[in-house]
Amino acid sequence: MIRWHNPCPKSRVRPEAPRALRVRATDTDTVWTVRLSPEPPSAVREEGPVPATPADCELSAPAETLYLTLWNRLPLTALTVTGDADLARLWRDHSSITWS
């Protein structure tokens with residue numbers, strides 16, 4: 001099953017060239033692929049072991065670790081990063097939750 005999700009149009013993650021970032025929870029069959037470009041990002045949730053779409057970078061860990069990392073409760077080093085690590089840093093620097 002594939003479900004498309006509309007992103008926040010105010011997202012600051014806007015690489016010049018189209019890129020794909022995958023987020024995989026290793027303790028479930030759920031995989032998210034986020035398409036990044038000069039336009040607002042879009043995401044697709046795929047169920048199953050092998051996503052149909054390729055990715056430039058993948059962030060993977062158990063769901064709890066992913067959640068905590070994406071909410072800035074754990075460092076990016078808590079995840080397994082494969083592929084283009086610069087894309088993971090771009091995502092972390094421009095889309096993560098910040099606390100004032």
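In this text the structure is predicted, and so the values were computed from the model without any measurement. (Residues numbered from 1 in each chain as written. Predicted model: local features only at pLDDT ≥ 70, side-chain atom pairs only at ≥ 80, totals over all residues. Heavy atoms only, no water.)

**So, helix α1 (residues 63-70)**
When α1 is considered as a whole, its buried residues turn out to be T65, L66 and T69. Burial along α1 is one-sided: seen end-on, the buried residues are contained in an arc of 100°. The exposed residues of α1 that point more than 90 degrees off its buried face are E64 and Y67. Where the residues of α1 are buried, they touch β2 (19-25), β5 (57-61) and α2 (85-95). (Buried < 20%, exposed > 50% of the residue type's maximum accessible area, 1.4 Å probe, protein only. Helix = DSSP H or I, 4+ residues; strand = E, 2+ residues; numbered from the N terminus. Arc of directions from axis to C-beta. Contact = heavy atoms within 4.5 Å.)

**Notes on the confidence of the model for the protein**
Looking at the protein as a whole, the pLDDT averages 82, with 78% of positions reaching at least 70. Mean pLDDT across the secondary structure elements of the protein bottoms out at strand β1 (residues 2-5), with 52, and peaks at strand β6 (residues 80-83), with 96. (pLDDT = per-residue confidence, 0-100.)

**Quick word on the packing of aromatic side chains**
Under the criterion given, the structure shown has one aromatic pair. For the pair Y67 and W71, a centre-to-centre distance of 6.0 Å together with 35° between the ring planes defines the contact as tilted. Here Y67 falls in the exposed class, since its relative accessible area comes to 52%. By relative accessible area, which is 36% here, W71 ends up partly exposed. (Phe/Tyr/Trp six-rings, centres within 6.5 Å; stacked < 30°, edge-to-face > 60°.)

**What to know about α2**
All of the buried residues along α2 are L87, A88, W91 and R92. Down the axis of α2, the buried set is contained in an arc of 135°. They therefore lie on one face. Exposed side of α2, more than 90 degrees from the buried face: D86 and D93 are the residues found there. The inward-facing, buried residues of α2 abut β2, β3 (30-36), β5, α1 and β6. For α2, the N-terminal capping position is held by D84, with its side-chain oxygen 2.9 Å away from the main-chain nitrogen of D86. (Polar contact = N/O pair within 3.5 Å; in protein donor to acceptor, adjacent residues only side chain to side chain.)

**Things to note about the side chain of R92**
Along the chain, the position of R92 falls in helix α2. Buried and without a salt bridge, R92 has D93 as its closest oppositely charged side chain, separated by 6.1 Å. Dropping the residues within four chain positions of it, R92 is found in contact with T69, N72, L74, P75 and L76. (Lys, Arg positive; Asp, Glu negative; His and termini not counted. Salt bridge = Lys/Arg side-chain N within 4 Å of Asp/Glu carboxyl O.)

**Considering the nonpolar core**
Judged by nonpolar contacts, the single largest core of 16 residues is most densely connected at L21, L36, C57, L59, L66, L79 and W91. When residues of this core are traced back to their parent elements, those giving at least two are β2, β3, β5 and α2. In this view, L59 contacts L21, R22, V23, R24, L66, L76, L79, T80, V81 and A88; residues no more than four positions away in its chain are not counted. (Core = buried A, V, L, I, M, F, W, Y, C linked by side-chain atoms within 4.5 Å.)

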